[in-house]
Amino acid sequence: VAPAAYTPMSAGSIPAQWAGYASPDHVAPVVGWLCSDRCATSGGIYHAGGGHVRRVQILEGPVHQLSDG
């Protein structure tokens with residue numbers, strides 16, 4: 001889980017006015033679902049926060065050998 005939540009650790013980068021919207025309470029249900037018997041997925045990365053959840057995809061480009069300069 002890649003959370004987006006207002007916590008003491010993120011307070012320096014998220015304005016306090018967003019504390020309610022970005023509450024950790026909006027991330028916890030995603031964690032609960034991933035731990036439940038109803039979850040049939042595994043190995044994913046999920047960005048959760050503000051009442052939304054998205055699956056994250058990591059894409060790779062072409063391979064370049066370091067010796068190619």
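Okay, so let's go over this structure.

Reading guide: rules and limits
- Residues numbered from 1 in each chain as written.
- Predicted model: local features only at pLDDT ≥ 70, side-chain atom pairs only at ≥ 80, totals over all residues.
- Heavy atoms only, no water.
- Helix = DSSP H or I, 4+ residues; strand = E, 2+ residues; numbered from the N terminus.
- Rg over C-alpha atoms; globule rule 2.2 N^0.38 Å.
- Buried < 20%, exposed > 50% of the residue type's maximum accessible area, 1.4 Å probe, protein only.
- Contact = heavy atoms within 4.5 Å.
- Polar contact = N/O pair within 3.5 Å; in protein donor to acceptor, adjacent residues only side chain to side chain.
- Phe/Tyr/Trp six-rings, centres within 6.5 Å; stacked < 30°, edge-to-face > 60°.

### Observations regarding the overall build of the chain
And then number 1: Looking only at helices and strands, the chain has one helix and three strands in total.
And then number 2: Its helices and strands in sequence order give the chain the pattern β-α-β-β, from N to C terminus.
And then number 3: For the chain, whose C-alpha radius of gyration is 17 Å, the value lies well above the compact-globule estimate of 11 Å for 69 residues.
And then number 4: For the chain, buried positions account for 16% of its 69 residues.
And then number 5: Restricting the contact set of the chain to residue pairs at least 6 apart, pairs at least 24 apart contribute 34%.

### A short note on the side chain of Ser-10
And then number 1: Mapping Ser-10 onto the fold places it in the loop between β1 (2-3) and α1 (28-34).
And then number 2: With relative accessibility at 13%, the residue Ser-10 sits in the buried group.
And then number 3: Looking at Ser-10, its side chain comes within polar contact range of the main-chain oxygen of Ala-5, at 2.8 Å.
And then number 4: Within the structure, Ser-10 has its side chain in polar contact with the backbone nitrogen of Thr-7 (distance 2.8 Å).

### Regarding the packing of aromatic side chains
Two aromatic rings are characterised by how far apart their centres lie and by the angle between their planes.
And then number 1: All told, the structure shown has two aromatic pairs when counted by the stated rule.
And then number 2: Seen in terms of ring centroids, Trp-33 and Tyr-46 are 6.3 Å apart; in terms of plane orientation they differ by 90°. Their pairing is edge-to-face. Linking Trp-33 in helix α1 with Tyr-46 in strand β2 (residues 45-49), this pair joins segments that are 13 residues apart in sequence.

### Quick notes on the environment of Val-56
And then number 1: Positionally, Val-56 belongs in strand β3 (residues 52-56).
And then number 2: Each C-alpha atom, one on Val-56 and one on Cys-39, is 17 Å from the other, the two residues being 17 residues apart in sequence.

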